Amino acid sequence: MECNKVEILAVKAVSQHYYLLTLMAPRLARSVRPGQFVQVRVADGLDPLLRRPFSVHDWDAKQGTVALLVQVRGKGSKMLADKRPGERLDVLGPLGRGFEISETKGRALLVGGGIGAAPLWSLARQLKDKTWDLTVLLGASADSLLVKAVDFSHLANTIIATDDGSAGIKGKITKLLPLAASDYNQVYACGPKPMLAALAVWTKAAGFPLQVSLDEVMACGMGVCLGCAQPVKHNKSVNYAKVCTQGPVFDADEVVWNE
Amino acid sequence: MNSINLTTKLGALTLKNPVVTASGTFGFGLEYAQLFDIGMLGGVVVKGLTLNPRPGNPPPRIVETPAGLLNAIGLENPGLESFLRDTLPCLKEYNVPVIVNISGNTIDEYAAMAAGLNESGVQAVEVNISCPNVKQGGMVFGTSPEQAAQVTAAVRANTALPLIVKLSPNVTDIVTIAQGVAAAGADAISLINTLLGMAIDVQRKRPALGNVFGGLSGPAVKPVALRMVWQVSQAVELPIIGMGGIASSQDALEFILAGASAVSVGTGNFINPKLTVEIIEGLAEYCREEGINDISDLIGAAWRRQ
Ligand SMILES: Cc1cc2nc3c(=O)[nH]c(=O)nc-3n(C[C@H](O)[C@H](O)[C@H](O)COP(=O)(O)OP(=O)(O)OC[C@H]3O[C@@H](n4cnc5c(N)ncnc54)[C@H](O)[C@@H]3O)c2cc1C
Ligand SMILES: Cc1cc2nc3c(=O)[nH]c(=O)nc-3n(C[C@H](O)[C@H](O)[C@H](O)COP(=O)(O)O)c2cc1C
Ligand code: FES
């Protein structure tokens, strides 16, 4: 883990709401794993005060580059989207526990809701390198909020759903699950909590192991402030886990969904 | 050129420089050791401990406000025994003074914790009578002059360690409370804990924090903290650890000039994880530029100059 100012190489609008930031960060690119994240300081001033967490979307260890896929939501993400190449960005990372990939290859289902698909891209690449057989489900409220659908389709059978029907099948991503029915050795997912909760019910019934990447507001990102608490089952009692260091990736079985 | 003397005293405790970490913002010290040598710090004040483990409050626990942070962690901690057994031995390897922040539901619990720390090899106790995020104890003790003095006296009776009492800013007269804990045997005073506040989520039309109220920290609270350090340092003979919104060495200097013998960095750690060491360097640099050999010459200089 390190905290450094790195150079922004490119800022590219990839859709109406999404921006791809490419950074020159060789050490980060060498050490990061799929599902890990960084804490980015979006401005030097005091408002916004806190760093913002972003998954590492993609990286190239040889070139030393790292890419973040940023959805503009509020003032911090807007400031990031407005950055220019050549500016420097204060980045802390890599942070958290990413996705676990079994060494024995198998068949995986990746489910991404909206910007939740961002961390699944590097995961898909690594699984593909290990010759896993992949199916990807991508969902969003509308076409403009779908993430990199084209690239995923290079790697895997990709099925799309949008709430308004502007791309793929009309409806919630969970509607696609029967279409993707198969025997999976592992299911991976990231997206809104209700989507993950519905998926947890489906995978449990089908007997597939599910890893989910959770989203919680963070201050430190390093396990010291205890701000990012998520209730998890521990033996027979319920504890709070730190999403930043014990996650963001959890086994769905551990997570208490009905908060 | 002579090297600058940055050492400072908190009663019997001498720190090699006046920069420590604020409880709850540096974990148990080990996390930041991945980024820099925490042995460079004047001291590490660990996350607030209670006698028994506490699960803390339901999420969401933090909300950002302009230049500030509202938190409602609710003193989540593994309990004193687990800290002494599992964490303290690792922390001791770093050769940094360890100050243990303690909280209790009752005066007896404070006393028992102080007694439990006596043989542990920690350097000081910081008594938290100012947490705004717990139902029992916490801030209740810090807002009543009698109870603040009673807690202090009970801890004093059970420990020979340097005793620091951390006060709440959520009072009308901070000086009376400070005088009470001084008379009850405190060796130093920490100022300030967080200010009680709240935020509303307009989308969900309800309080943004799971616990409704939270404690405000960060640069937004600095003027309040500075005013309290100024008032208390003139009214009470004890050394003060000043904190509240410190985000640069300039901020730290303001607290020292207002009367603080040491400063504590809290929310600033989240924004810049290496802030504490940058402040130590900044203080030395300032002294060099101003031709000051001993940083203690700056303590309270602003009120002596009025
Ligand atoms: C581990 C992790 C990885 C993440 N990865 C990515 C990523 O790859 N790409 C991406 O675009 N976003 C990602 N996020 C979400 C991102 O951190 C938030 O969108 C961002 O912090 C919002 O900042 P802002 O200043 O733009 O919004 P603010 O002005 O702070 O808030 C605007 C809106 O966004 C909501 N919001 C704020 N913080 C979060 C949060 N942590 N999660 C969800 N909603 C939030 C607020 O409730 C509010 O409605 C990730 C979050 C986590 C915890
Ligand atoms: C997330 C968080 C947790 C805290 N936990 C404690 C605690 O356990 N005990 C305590 O005495 N103060 C606690 N505090 C208060 C800080 O130690 C400090 O007094 C306060 O935040 C003001 O300083 P700052 O503005 O530099 O953060 C906490 C503050 C924050 C932000
Ligand atoms: S964000 Fe601070 S503990 Fe997780």
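It should be noted that the structure appears before, not after, this text.
Values in this document were obtained by computation on a predicted structure and should not be read as measured data.

(A) Broad picture of the pattern of salt bridges. Going through the model one piece at a time under the given rule, you end up with 20 salt bridges over all chains. Two residues, A:Arg51 and A:Asp90, come together in a salt bridge whose shortest N-O distance is 3.1 Å. Remark: A:Asp90 occurs in strand β7 (residues 88–95) and A:Arg51 occurs in the loop between β3 (37–41) and β4 (52–55); sequence separation between them is 39 residues. Across the pair, A:Asp90 and A:Arg51 agree in class, each one buried. The closest approach of N and O atoms between B:Asp187 and B:Arg156, which form a salt bridge, is 2.9 Å. Remark: B:Arg156 occurs in helix α4 (residues 145–158) and B:Asp187 occurs in the loop between α5 (174–183) and β10 (188–191); sequence separation between them is 31 residues. A relative accessible area of 23% places B:Asp187 in the partly exposed class. Given a relative accessible area of 23%, B:Arg156 falls into the partly exposed group. What emerges from the salt-bridge pattern is a single network uniting B:Glu81, B:Arg85 and B:Asp86.

(B) Examining the nonpolar core more closely. B:Leu167 and B:Ile189 are the most contacted members of the largest nonpolar core, which has 116 residues in total. Here the element with the most residues in this core is helix α9 (residues 275–290) of chain B; it accounts for seven residues. When residues no more than four places from it in sequence are discounted, the contact partners of B:Leu167 are B:Ile129, B:Ser130, B:Ile174, B:Ile177, B:Ala178, B:Val181, B:Ile189, B:Ser190, B:Leu191, B:Ile192 and B:Asn193. Counting 31 residues, the second largest nonpolar core, distinct from the first, contains A:Tyr18, A:Ala67, A:Leu123 and A:Leu138.

(C) Inspection of the interface of chain A and chain B at higher detail. Contacts between the two partners involve 28 residues from chain A, matched on the other side by 30 residues from chain B. Approximately 2,400 Å² of surface area, both sides summed, lies buried where chain A meets chain B, with 66% of it carried by carbon and sulfur atoms. Among the residues of chain A in contact with chain B, A:Leu49, A:Val224 and A:Tyr240 are the three that bury the most area, contributing 28% of the side total. At the boundary of chain A and chain B, one finds one salt bridge. Across the chain A-chain B interface, the total number found is seven residue pairs in polar contact (both at pLDDT 80 or more). Of all elements in the fold, only β1 (2–13) and β14 (229–234) of chain A reach the threshold of two or more residues within the side of chain A that touches chain B. Residues of the side of chain A that touches chain B, tallied by class, amount to 18 nonpolar, two polar and eight charged.

(D) Here's a closer look at the site of ligand 1. Residue and element names in this part refer to chain A. The environment of ligand 1 is made up of 18 residues, and the closest members are Pro53, Arg73, Gly76, Ser77 and Asp215. Pro53 places a polar main-chain atom, nitrogen or oxygen, 2.6 Å from an oxygen atom of ligand 1. Ser55 places a main-chain nitrogen or oxygen 2.9 Å from a nitrogen atom of ligand 1. Against a free-state accessible area of 860 Å², the protein chains account for coverage of 76% of ligand 1. The set of elements that each furnish at least two residues to the shell around ligand 1 consists of β4, β6 (65–71) and α2 (75–81). By residue number, the principal contributor to the shell around ligand 1 is β4, which donates four residues. Per-class residue counts for the shell around ligand 1 are eight nonpolar, five polar and five charged.

Thresholds applied
Residues numbered from 1 in each chain as written. Chains lettered and ligands numbered in written order. Predicted model: local features only at pLDDT ≥ 70, side-chain atom pairs only at ≥ 80, totals over all residues. Heavy atoms only, no water. Salt bridge = Lys/Arg side-chain N within 4 Å of Asp/Glu carboxyl O. Helix = DSSP H or I, 4+ residues; strand = E, 2+ residues; numbered from the N terminus. Buried < 20%, exposed > 50% of the residue type's maximum accessible area, 1.4 Å probe, protein only. Core = buried A, V, L, I, M, F, W, Y, C linked by side-chain atoms within 4.5 Å. Contact = heavy atoms within 4.5 Å. Buried area = accessible area lost by both parts, 1.4 Å probe. Polar contact = N/O pair within 3.5 Å; in protein donor to acceptor, adjacent residues only side chain to side chain. Nonpolar A, V, L, I, M, F, W, Y, C, P; charged D, E, K, R; others polar. Near = heavy atom within 4 Å. Areas by Shrake-Rupley, 256 points an atom, 1.4 Å probe, with all protein chains shown as cover.

Read these as spatial facts, not as claims about activity.
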